[in-house]
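# Fold and contact review
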Amino acid sequence: MTNWWQNAVGYQIYPRSFYDSNGDGIGDIKGIIAKIPYLKELGVDFIWLNPMYKSPNVDNGYDISDYKDIAAEYGDMAQFKELLEACHKENLKIILDLVVNHTSDQHPWFVEAKKGKENPYRNYYHWQNATPANLPNNWQSFFGGSTWTVDEPSGQAYFHVFAPEQPDLNWKNEAVRTEIYQMIRWWLELGIDGFRLDAISHIQKEPWNFKIKDNPWAPFMNVAGIDNYMKDLQQIFNEYNVMTVGEASGVSSKKAVNWTDSEGYLDMIFELEHNVRKGVAGSERIDLLGFKKVIARWQKDLGKKGWNALYLENHDNPRFNTILGNETKKSAKALAMMYLLLRGTPFIYQGQELGATNYPFQTISEVDAKDTLSFYHRLLAENKSEAEALQLATSWSRDHARTPMQWDDSKNAGFTTGTPWLKVNPNYVKINVAAEKEDPDSVLNFYRQLIQIRRQEETFATGTFELLAQNDPDIFAYLRKGEKQFLIITNISQKTRKLTLPKKIWQKNWQSYITNDKTAPKKLTKEMTFAPYDALLFVEQSNS
Ligand code: NOJ
């Protein structure tokens with residue numbers, strides 16, 4: 001292993017909801033500094049911070065109005081430097097979100113660009129002649145509606161793949177690239193350890209006359225010509241020898257090899273395919289078989305050349321312990337074992353290590369996420385009742401993951417002394433850091449154990465991956481082979497399951513390493529029976 005991040009575990013912090021040090025109801029930089037000991041105890045090696053740059057917060061910080069400053073609600077640059085220093089002192093690395101597909105419509109470049117066709121900043125964005133009745137094309141944005149917003153005074157429209165308040169930058173314009181590259185260097189010069197690149201596969205677009213066929217987002221997903229920009233970025237990242245992880249939808253598992261091998265643009269990318277849903281709208285769950293096939297394909301296709309970023313949850317998705325688990329401690333632990341021992345760099349999303357579950361929304365006023373709100377209003381316009389619209393719009397809302405971190409059982413889960421910007425999940429009285437620290441059997445302590453095992457056993461970083469029980473709809477089982485051999489079996493279902501193991505497995509001499517429950521099998525036999533959400537890790541004994 002030559003790169004530090006291949007043997008590392010990351011932790012994603014959603015700063016707004018992590019820890020509020022000044023009682024304004026919003027998490028902040030000082031709050032993160034205060035919790036460094038917690039992160040060290042958990043055993044993670046680096047943190048990824050969602051955006052804290054200046055922003056009107058239409059998309060919670062993903063609409064940036066000043067790339068080189070910190071939004072006042074989080075603190076200021078001096079505090080950011082303090083955080084960086086404090087983390088580095090504890091050997092904790094920091095990667096930041098890099099949002100360069102778009103800016104805020106309040107960014108000075110766009111404010112200028114909007115002034116008229118002759119403005120020197122006009123070409124920083126994509127503009128085309130248009131009227132409301134005659135848009136340049138019928139492309140659809142990720143947040144619903146057209147990708148074009150008309151600016152009547154100029155008789156033109158500007159392009160955005162997300163909200164209208166997030167105009168896309170024109171990467172074809174060299175001046176834009178120069179500004180962006182300078183900004184990247186400016187952050188790297190400060191000594192940060194890398195970036196998570198937001199929406200990076202969208203920076204290149206098809207010609208405007210491209211016709212959408214089956215995939216509405218194809219015209220801006222990893223479009224030919226992106227490579228030149230990625231190579232520029234790669235060169236900068238290489239100069240500073242930092243870690244990079246891309247959010248790169250549309251980059252298939254096959255293509256991801258070129259993006260992430262030793263010559264690749266980035267160190268790793270997040271696949272965005274694993275949320276395979278099943279069930280009726282409003283109460284959908286993850287289909288384990290579909291999920292498993294996606295993960296196994298990425299493991300196989302990236303093989304020994306590419307590198308995976310492993311994750312279950314993030315700030316854009318509901319909690320896995322609800323949508324794949326059954327909201328118990330046991331299922332949270334099974335999910336942890338299922339993915340933390342795969343090949344790649346694991347990321348843990350804040351609260352996941354506690355077994356956090358979805359929020360029980362009672363009214364739409366508890367929702368903040370713009371996409372959930374617009375979905376809700378669309379449903380009402382389609383004559384759904386308020387109760388139905390609430391259920392449909394919130395079941396998969398990103399706000400489930402954005403509720404405040406649950407530190408203890410005091411008011412507002414110890415997150416803030418003020419009024420939290422988003423309601424705290426009422427289950428905080430049970431699911432919280434303080435309680436779980438004390439309980440040797442907690443989800444938190446299980447995560448700590450798994451992280452330690454991953455670090456102690458080099459095979460988890462270097463070894464190969466082989467999927468077992470491929471078509472089983474409930475069991476996710478695999479082998480990791482390197483200097484040692486490990487067997488992971490998880491029953492990701494509420495059923496008691498029997499499994500016949502293949503001879504190549506049962507004829508070997510296995511020793512139980514850990515399980516997620518006292519009652520889970522400790523001995524490996526040909527015919528096995530697993531209780532709901534049993535999870536087992538075995539190591540092969542070399543004396544066989
Ligand atoms: C992906 C981010 O994860 C999401 O939160 C955001 O809304 C979009 N990119 C737009 O930046």
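Counting restarts for each chain, with residues numbered from 1 along the sequence as it is written. Since the coordinates come from a predicted model, pLDDT governs what is reported: local features require at least 70, and pairs of side-chain atoms require 80 or more to be given and counted, while whole-chain, interface and lining totals use all residues. The side-chain values count all of the structure's non-hydrogen atoms but skip hydrogen atoms and water molecules.

- As annotated in an unreviewed UniProt entry, the protein is Alpha-glucosidase from Candidatus Enterococcus myersii.

## What to know about the domain arrangement of the protein
- Taken as a whole, the protein is organised into domain 1 (4-103 + 173-359 + 426-450), domain 2 (108-159) and domain 3 (464-540).
- Taking the mean C-alpha position of each, domain 1 and domain 3 sit 29 Å from one another.
- Working rule for contacts: check all heavy atoms of both residues, and any pair within 4.5 Å makes them a contact. With 28 residues of domain 1 in contact, the opposing surface of domain 3 contributes 29 residues.
- By convention, the term buried area covers the 1.4 Å-probe accessible surface removed from two parts as they join, with the contributions of both added. With both chains or domains summed, domain 1 and domain 3 bury close to 2,300 Å², and 66% of this area falls on carbon and sulfur atoms.
- For domain 1, the biggest contributors to the area lost against domain 3 are Lys292, Lys330 and Met337; these three give 28% of the whole.
- Salt bridge, as used here: a side-chain nitrogen of Lys or Arg that lies within 4 Å of a carboxyl oxygen of Asp or Glu. Linking domain 1 with domain 3 are two salt bridges, by the criterion used here.
- With its nearest N and O atoms 3.5 Å apart, the salt bridge here joins Lys518 to Asp441.
- Side-chain atoms alone can form a polar contact between residues adjacent in sequence; in general such a contact is a pair of N or O atoms within 3.5 Å, and within protein one must be able to donate a hydrogen while the other accepts it. Inspection of the domain 1/domain 3 interface yields 15 residue pairs in polar contact (both at pLDDT 80 or more).
- Elements represented by at least two residues in the side of domain 1 that touches domain 3 include exactly helix H8 (288-302), helix H10 (329-340) and helix H15 (443-456).
- Basically, the charged four are Asp, Glu, Lys and Arg, the nonpolar ten are Ala, Val, Leu, Ile, Met, Phe, Trp, Tyr, Cys and Pro, and anything else, Gly included, counts as polar. Counted by class, the side of domain 1 that touches domain 3 contains 15 nonpolar, five polar and eight charged residues. Each domain's extent was defined by an automatic or database domain assignment. Per the convention used, a helix needs a DSSP run of H or I reaching at least four residues, while a strand needs a run of E reaching at least two, with both numbered from the N terminus.

## Regarding the packing of helix H5 (residues 174-190) against helix H6 (residues 226-240)
- To get an axis, fit a line to the C-alpha atoms, keeping to the stretch in contact for a helix; angles then go from 0 to 180 degrees between the N-to-C directions. Running from N to C, H5 and H6 point in directions that differ by 20 degrees, and their axes come no closer than 11 Å. By the criterion of interaxial angle, the relationship of H5 to H6 is roughly parallel. Regarding H5 and H6, the two cross each other, and that crossing is right-handed. Mapping the contact onto sequence places Arg177, Tyr181, Ile184, Arg185, Leu188 and Glu189 in H5 and Tyr229, Asp232, Leu233, Ile236, Phe237, Glu239 and Tyr240 in H6.
- Per-class residue counts for the contact of H5 with H6 are eight nonpolar, no polar and five charged. Angles are sorted into four bins: roughly parallel if under 35 degrees, roughly antiparallel if over 145, roughly perpendicular if 65 to 115, and oblique for all others. The handedness criterion is simple: a crossing whose near helix is rotated anticlockwise from the far helix by less than a right angle is left-handed, and one whose near helix is rotated clockwise is right-handed.

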